[in-house]
Amino acid sequence: MTYLFLLGGLFLGWSFGRNNLSNVFGAAIGTRMVVFRTAAVLAGIFILLGALLSSTETTGAVLKLADIPSAFGAFLISVAIALAILFAGRFGIPVSIVQSSVGALVGWNLFFDVHNNWGVIKEMVAAWFYCPIVAALLAILGFYGVRALLKKVKIPLLYRDSVVRTLLIISGVYSAYFLGANNMPAIAGPYLTVANLNPFVVVVGVGLAIALGALMADKRVIETVSSGLYPLSPMEALVVVLTCGLTLYCFSGSGLEALLTYCHLPTFPLVPIPTSSVLVGSIVGIGLAKGHAGIHWSSLVKVIASWVLIPIFSGLICWMILAILIEGGAIL
Amino acid sequence: MGKKISFFKRAQVLDVKFKTFLMNITEAAVVFCQATEVFLKKQANPDFMKLKKKIQSLESENDQLRREIEYALYRQMILPGMRSDILDLMEACDHVINQYEHVVLMWSVEKVKVPGDLFKDISKLSQVTQNCVGILVTGVKAFFDGQVNVEEEVQGCYFAEHSVDELAMDVKENIFKKKMPLARQLQLREFVATLEKISDLAEDAADKLKIISVKHAL
């Protein structure tokens, strides 16, 4: 019976995969450099690998947010998060599970009048705001770097196409790995605190659901990513995908943290970050590097508004679900 | 090494086709210059017909190549973001070789008799046209070879086209200064106009090259 409640996590994982394929391979699919099915299969496999092998650093931050006493409670949180994501997908808005997850956990804590760990929340929210800036800066650097390289090294157009296609797949796989590492705790987190659930089964189950979700990805979101914000060329798409992977690595890799600490430099907090924000940041970075003439500001405003609205929305859903169930006499 | 070859195999095959397509245009321009010399001196004699056949075969080969490249670009999803622009550019280049074929066909059918004092000017017109087409092909080739800025080649093509226009105008003035029947004057004017159109088409292709290089510059 306890494992039956894992269905909520699986549904959330499926919803995550459906929405987040666009964050790692959207630009590559949108520019028609990578076939949808190839991208979906690779993303599914590498998100799962990232979640299994490298997600421990960011898990801690999520576990500090809420202590869910039962599998049923985790199930309700998952449903609230998933509903918020599906709502965003309906409007073609790329939204992150991290924001929905934090919103739902805060909603849970507020309902039960449990003390919210505002220190962690502040750290996470701050990261939401500066991760797109980091992504934009990396994208601008990447854009000028690639442009300078292409001016120095003449690569024939057709060979360049083969190289860019291969690099898009490699960088997409790299991004998918760190997406799994960074975001898995936000999906499976509520279940990981439940005592009678095996964490390995939770992570593998959710990982497989993500892979299935990626195969059934939302094409409208991919369209928003590829041309809604800024029309990308294949080379720009490569910079975007690579930037996403690097930014996710900055907020997930303890190796980089150790290196920065060793060099007496400020470190990045190891918290789950919204990949949609990273993606938007890198696309806007490319647009700014090119003179921002082609940026569709209205799409950008819609995406930024979702950053504020989605956590509130998922928190409200969680609160309402709990209110209805508790009123109905349910025991969590 | 084997793996390296197979990694770029599709690109290599298509690159050879692109290069052959462009080389055929250059060759057609050279053959056309020879055909002009022969036609001016000996009209549509067997030597001219041989050169005409050569131009026709180059044009037909380019049509085939263009179709193969078009099919490969779409079937193998190569250069997805710019393939329509590339095909537009190729079509514009194809118009140039089509015009070469059209001119030699017209000469072989109409057998226009060109007055001897115009030989030098028409021969020069043919050479400057060849130069214009040659610069265009160099620019297109440079673009395919990854050169970001093709402005120099585009400007060279514009300059050569302008020279052809000026030369053609001089020849037309000379034609209408001559005492000959109006019908012949008009026929000679058309003779020069069809030749002049080659560089106009090369200029159109250069326009497309300029746009494509700006549009797809990173």
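These figures come from a predicted structure and were not determined experimentally.

A few words now on the overall build of chain A. Helices and strands together make up the secondary structure of chain A, namely 13 helices and zero strands. Beginning at the N terminus, the succession of helices and strands in chain A can be written as α-α-α-α-α-α-α-α-α-α-α-α-α. A total of 332 residues make up chain A; the buried ones form 57% of that total. Long-range pairs, those at least 24 residues apart, make up 87% of the contacts in chain A between residues at least 6 apart in sequence.

Attention now moves to the environment of Q12(B). Within the fold, Q12(B) resides in helix 2 (residues 9-42). Sequence-wise, Q12(B) and V133(B) are 121 residues apart; in three dimensions their C-alpha atoms are separated by 25 Å.

Let us now look at the confidence of the model for chain A. Averaged over every residue, the pLDDT of chain A is 80; the share at 70 or more is 87%. Per-element mean pLDDT across chain A ranges from 63 in helix 9 (residues 219-228) of chain A up to 87 in helix 10 (residues 234-250) of chain A.

All right, on to the confidence of the model for chain B then. Averaged over all residues, the pLDDT of chain B is 90; the fraction at 70 or higher stands at 96%. Listed scores for the predicted complex are pTM 0.77 and ipTM 0.77.

Further remarks concern the packing of helix 5 (residues 119-144) of chain B against helix 7 (residues 182-215) of chain B. Angle between the axes and distance between the axes: these two values describe a pair of packed helices. Residue and element names in this part refer to chain B. At a closest axis distance of 9 Å, the pairing of helix 5 and helix 7 adopts a crossing angle of 20°. It follows that helix 5 is roughly parallel to helix 7 by the angle criterion. Crossing of helix 5 against helix 7: the hand is left-handed. Residue-level inspection shows L125, S126, T129, C132, V133, L136, G139, V140 and F143 of helix 5 in contact with helix 7, the latter providing L195, I198, S199, A202, A205, A206, L209 and S213. Tallied by class, residues from the contact of helix 5 with helix 7 come to twelve nonpolar, five polar and no charged.

Before going further, it helps to examine the packing of helix 1 (residues 6-30) of chain A against helix 8 (residues 199-215) of chain A. Residue and element names in this part refer to chain A. Relative to each other, helix 1 and helix 8 sit at 40°, their axes nearing to 6 Å. Relative to helix 8, helix 1 is oriented oblique. In the crossing of helix 1 with helix 8, the sense of the turn from one axis to the other is right-handed. Contacts from L6, G9, L10, G13, W14, S15, F16, G17, R18 and L21 of helix 1 reach helix 8 at V202, G205, V206, A209, I210, A211, L212, G213 and A214. Residue composition of the contact of helix 1 with helix 8, by class: twelve nonpolar, six polar and one charged.

Listed by partner, the interface residues are 17 residues for chain B and 20 residues for chain A. Ranked by the residues each element gives to the side of chain B that touches chain A, the list is headed by helix 2 of chain B, at three residues. Looking at the side of chain B that touches chain A residue by residue, the class counts come to eleven nonpolar, four polar and two charged.

Residue and element names in this part refer to chain A. In this structure, V120 sits in helix 6 (residues 118-152). For V120, a count of 18 C-beta atoms within 10 Å translates into the label partly exposed. Taking C-alpha positions, V120 is 17 Å from I68, a pair spaced 52 residues apart along the chain.

Residues and elements named next belong to chain B. The residue L79 is not glycine, and still its phi comes out positive at about 45°. Structurally, L79 is set in the loop between helix 3 (46-75) and helix 4 (83-110). L79 sits in the buried class, given 24 other C-beta atoms within 10 Å. With a phi close to 45°, K111 is a non-glycine residue in the positive phi region. In this fold, K111 is placed in the loop between helix 4 and helix 5.

About the cut-offs
Residue indices begin from 1 for each chain and proceed along its sequence in written order. Chains and ligands are labelled by the order in which they are written, letters from A for the one and numbers from 1 for the other. Reporting in this predicted model follows two pLDDT cut-offs: at least 70 for local features of residues, and 80 or more for side-chain atom pairs to be given and counted; totals over whole chains, interfaces and linings ignore these cut-offs and use all residues. Numbering of helices and strands runs from the N terminus; a helix is a DSSP stretch of H or I covering at least four residues, while a strand is a stretch of E covering at least two. Burial in this document is a count-based property: other C-beta atoms within 10 Å of a residue's C-beta are tallied, and the residue is buried at 20 or more, exposed at 12 or fewer, or partly exposed in between, with C-beta positions derived from the backbone. Throughout, a pair of residues is in contact if the C-beta atoms placed from their backbones lie within 7 Å. Scored from 0 to 100, pLDDT records how confident the predictor is in each individual residue. Helix axes use the C-alpha atoms of the stretch in contact, all axes being lines fitted to C-alpha atoms, and the angles between their N-to-C directions lie in the range 0 to 180 degrees. Any angle that is under 35 degrees is reported as roughly parallel, and any over 145 degrees as roughly antiparallel; angles of 65 to 115 degrees are reported as roughly perpendicular and all others as oblique. Working rule for handedness: look at the near helix, and if it is turned counterclockwise from the far one by less than a right angle, call the crossing left-handed; if clockwise, right-handed. In this classification, Asp, Glu, Lys and Arg are treated as charged, Ala, Val, Leu, Ile, Met, Phe, Trp, Tyr, Cys and Pro as nonpolar, and every other residue, Gly included, as polar.

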